[in-house]
Amino acid sequence: MLGAVTALRPHSADERTEEPVLGRLGGEPDWLQDDETPACPTCATRMTFAAQLEEGYDFSTAANFGGGGRGYVFHCRPCGNAAFLWQR
Ligand SMILES: [Zn+2]
């Protein structure tokens, strides 16, 4: 469904693109500050990185992570928990 309402397109991480990059799925987080990988609130295990979001390049549609920030999504699959945090 997202493809029907957005101009965003996925690119392989090793595929160079001239288009603005708005985030990443999987891999390792590119922290702006120190590693803040959260612990799962249920099992206390270090959560798995899922996605990273950039603010965006168009002020009218950009996410607000405090001005030049990034959002990070983590999960713990066995417990079904997810966490979101941001840095700037
Ligand atoms: Zn857990």
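Per an unreviewed UniProt entry, the chain goes by the name DUF1963 domain-containing protein and belongs to Lentzea pudingi.

S.K.: Explain the coordination of the zinc ion here, please?
M.R.: Six octahedrally arranged donors around a metal ideally form angles of 90 or 180 degrees; four tetrahedrally arranged donors ideally form angles of 109.5 degrees. The zinc ion binds to the protein through C40 (SG), C43 (SG), C76 (SG) and C79 (SG), with metal-donor distances spanning 2.3 to 2.4 Å. Read N to C, the donor residues that coordinate the zinc ion are spaced as C-x2-C-x32-C-x2-C. Relative accessible area serves as the criterion here: at 29%, C79 is assigned to the partly exposed category.

S.K.: Just checking my understanding: could you explain unusual backbone geometry for this structure?
M.R.: Most peptide bonds take the trans form, and the phi angle of most residues other than glycine is negative. If you check the backbone angles, A44 has positive phi at about 70 degrees while not being a glycine. Along the chain, A44 falls in the loop between β1 (23–25) and β2 (48–54). In this structure A44 comes out as exposed when scored by relative accessible area, which is 59%.

S.K.: Before we go on, may I ask you to explain the sheet that holds strand β3 (residues 70–76) in this structure?
M.R.: Two modes of strand pairing occur in sheets, parallel and antiparallel, and in both the strands are linked by backbone hydrogen bonds. One open sheet holds the 4 strands; their spatial order is β1-β2-β3-β4, and the pairing between them is antiparallel. Only two strands of the sheet have a single neighbouring strand rather than two, namely β1 and β4 (81–87). Averaged over neighbouring strand pairs, the angle between their axes works out to 20 degrees when direction is ignored. Taken together, the 7 bridges between β3 and β4 define a ladder with antiparallel strand orientation. Looking at β4, one finds that C76 is bridged to N81.

Thresholds, definitions, all that
- Residues numbered from 1 in each chain as written.
- Predicted model: local features only at pLDDT ≥ 70, side-chain atom pairs only at ≥ 80, totals over all residues.
- Heavy atoms only, no water.
- Donors = N, O, S within 2.8 Å, 3.2 Å for Na, K, Ca; no water.
- Buried < 20%, exposed > 50% of the residue type's maximum accessible area, 1.4 Å probe, protein only.
- Helix = DSSP H or I, 4+ residues; strand = E, 2+ residues; numbered from the N terminus.
- Pairing = 2+ DSSP bridges.
- Axes fitted to C-alpha atoms, helices over the stretch in contact; angles between N-to-C directions.

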